[in-house]
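Tertiary structure, described
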Amino acid sequence: MAMKTPNIMLWVLGALLPGVVAMTFVWGLGVIWNAAWLCAGCALSEAAALYLKGTRQRQALLFELQDGSAMVTALLIAICLPPFTYPGVLALASLAAIGLAKHAYGGLGRNLFNPAMVGYAVVLVSFPQSFATWPGLGAAELDAFSGATLLTDFRYRTGSTVEEFELGQANAVAQQRLVAFWFLAGGLLLTYKKILAWRVSAGMFAGVALAALFGYDQGSSLSLGGAFFHWTTGGFMAAAFFVATDPVTHPRQHRHQVIFGLTVGVFVYLIRAYGTFPDGIAFAVLFANCLTPFLNRLPAKERNATPTAEQREQAANG
């Protein structure tokens, strides 16, 4: 029997929790600050959108809000942002994610683009300086190498090999890998529960590995980085299991999910290596989202396909 949407979202929130706790341990209570503001902002944006669409009664509004999708969106944006991001920036991210990316397309199950990545991308492009630095554990200044700044410094390092860079930034690399491990653990739980499309995640890992074959350069001072480095830095691990696997915005057919994941992985590597923004997750996912309608129209060669959230809801309700 298929899970109902609220149950799926509850599992996703639970699986995200270890990674969020690890981020809080590494970067402090600013992670919780972001999550709290974004949960409130996404809930208010959801309620406002539903009200404007004609859902006026209090009980009906509460029923629509209880599916938990807005809270998942809020948490996914929260883990992308530097701790203690300004409330105004968080409010804009909430409005863009829920109002623009979700309800402008008709609501849950009808959106073309991943709402969390739309919200994040809007504020990233609008306020790039706010995302340039992340605090380290116990740091008094926002200049410690961690988060997206580790990727920035890796890209613009001069004269050091990959091994030398990792040794010089051993503490920041260890922090990143701790956080990545706990997002991996949560993602594997969802994979075991058959809640997410594991082919998308596998495709992302393979896409980065494929790109690294051409960019690693045996770890020289000109190297673009190996697969393991890119898997365990920035937001890759969270994106591989919690963002790109959004059932609404990835293809339904299994083989197309692999293509989708490969596309995201390759573009993450390319954006990190040559793009303006250090991580590349949001833009890689949004680009692949554009391919989803095309991939869904390709001839199907298998009977079983991952259902959308709307299809799961219909199946659960009989």
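Below is a short write-up of the structure. (Residues numbered from 1 in each chain as written. Predicted model: local features only at pLDDT ≥ 70, side-chain atom pairs only at ≥ 80, totals over all residues. Heavy atoms only, no water.)

**Description of the overall build of the chain**
- If you tally the helices and strands in the chain, you get 15 helices and zero strands.
- In the chain, which comprises 318 residues, the share counted as buried stands at 51%.
- Accessible surface, the chain as shown: approximately 14,800 Å² in total, 65% of it carbon and sulfur. (Helix = DSSP H or I, 4+ residues; strand = E, 2+ residues; numbered from the N terminus. Buried < 20%, exposed > 50% of the residue type's maximum accessible area, 1.4 Å probe, protein only. Areas by Shrake-Rupley, 256 points an atom, 1.4 Å probe, with all protein chains shown as cover.)

**So, the nonpolar core**
- Ranked by size, the top nonpolar core spans 74 residues in total, and within it Met117, Phe183 and Phe242 carry the most contacts.
- No other element matches helix H1 (residues 5-27), which puts ten residues into this core.
- What Met117 contacts, discounting residues up to four positions off in sequence, is Cys80, Val243, Ile281, Ala282, Val285 and Leu286.
- Core analysis: the second largest hydrophobic core is formed by eight residues, Leu151, Val162, Ala172 and Val173 among them. (Core = buried A, V, L, I, M, F, W, Y, C linked by side-chain atoms within 4.5 Å. Contact = heavy atoms within 4.5 Å.)

**A few points about unusual backbone geometry**
- A positive phi is found at Phe84, a non-glycine position, where the angle reads about 60°.
- As for its placement among the helices and strands, Phe84 is situated in the loop between helix H4 (69-78) and helix H5 (87-102).
- Of note in this structure, Asp217 is not a glycine but carries a positive phi near 60°.
- Relative to the assigned elements, Asp217 resides in the loop between helix H10 (198-215) and helix H11 (227-231).

**Focus: the packing of H1 against helix H9 (residues 170-192)**
- Where H1 contacts H9, the axes come no closer than 8 Å and their chain directions differ by 170°. Here H1 is positioned roughly antiparallel relative to H9, judged by the angle of their axes. In this structure, H1 uses Trp11, Val12, Ala15, Leu16, Pro18, Gly19, Val20, Ala22, Met23, Phe25, Val26 and Trp27 to contact H9, whose residues at the interface are Gln175, Gln176, Leu178, Val179, Trp182, Phe183, Gly186, Leu189 and Leu190.
- Here the residues of the contact of H1 with H9 sort into 17 nonpolar, four polar and no charged. (Axes fitted to C-alpha atoms, helices over the stretch in contact; angles between N-to-C directions. Parallel < 35°, antiparallel > 145°, perpendicular 65-115°, else oblique. Nonpolar A, V, L, I, M, F, W, Y, C, P; charged D, E, K, R; others polar.)

**Notes on the pattern of salt bridges**
- Tallied over the entire structure, the rule returns three salt bridges.
- Glu166 is the partner of Arg177 in a salt bridge, and the nearest nitrogen-oxygen pair spans 3.7 Å. Placement of Arg177 in helix H9 and of Glu166 in helix H8 (residues 162-168) is noted, with a sequence separation of eleven residues between them.
- With a shortest N-O distance of 2.6 Å, Asp279 and Arg272 are connected by a salt bridge. Assigned by exposure class, Asp279 and Arg272 land together as buried. (Salt bridge = Lys/Arg side-chain N within 4 Å of Asp/Glu carboxyl O.)

**Description of the state of the cysteines**
- With the rule as written, the count across this model stands at zero disulfides.
- Unpaired in terms of disulfides, Cys39 finds its nearest cysteine sulfur in Cys42, a separation of 7.2 Å.
- Among the residues examined, Cys39 registers a relative accessible area of 22% and is labelled partly exposed. (Disulfide = S-S within 2.5 Å.)

**Some remarks on a nonpolar patch on the surface**
- Residues Leu29, Ile32, Trp33, Trp37 and Phe84 make up a contiguous nonpolar surface patch of about 530 Å² in total accessible area.
- Since its relative accessible area comes to 39%, Ile32 is described here as partly exposed. (Patch = residues over 30% accessible without salt bridge, like charges linked within 9 Å, V, L, I, M, F, W, Y side chains within 5 Å.)

**A short note on the side chain of Thr292**
- With respect to the secondary-structure elements, Thr292 resides in helix H14 (residues 281-297).
- On the accessibility criterion, Thr292 (4% relative accessible area) is buried.

**Examining H14**
- Helix length check: H14, at 17 residues, gives a terminal C-alpha distance of 25 Å against a target of 24 Å (1.5 Å per residue), a fit within 8%.
- What H14 keeps buried is the set Ile281, Ala282, Ala284, Val285, Leu286, Ala288, Asn289, Thr292 and Leu295. (Expected span 1.5 Å × (residues − 1).)

**Points about the packing of H1 against H4**
- Contact geometry of H1 with H4 gives a least axis separation of 9 Å together with a crossing angle of 20°. On the basis of their axis angle, the class for H1 and H4 is roughly parallel. Note that H1 runs across H4; the crossing there is left-handed. Here Met9, Val12, Leu13, Leu16 and Val20 of H1 come into contact with H4, specifically with Ser69, Met71, Val72, Leu75 and Leu76.
- Partitioning the contact of H1 with H4 into residue classes produces nine nonpolar, one polar and no charged. (Left-handed = near helix turned anticlockwise from the far one by under 90°.)

**Focus: the packing of aromatic side chains**
- With the rule as written, the count across this model stands at twelve aromatic pairs.
- Pairing Phe183 with Phe242 gives two aromatic rings, centres 6.2 Å apart and planes at 70°, and the pair type is edge-to-face. A residue pair is termed long-range when its members are at least 10 positions apart, and Phe183 in helix H9 and Phe242 in helix H12 (residues 236-243) qualify at 59 residues.
- Taken together, the ring pairs in this structure connect Phe205, Trp231, Phe236 and Phe241 into an aromatic cluster.
- Residue placement shows Arg157 over the ring face of Phe154; its charged tip is 4.2 Å from the ring centre. (Phe/Tyr/Trp six-rings, centres within 6.5 Å; stacked < 30°, edge-to-face > 60°. Lys NZ or Arg CZ within 6 Å of the ring centre and 35° of its normal.)

Any link to function would need more than the numbers given here.
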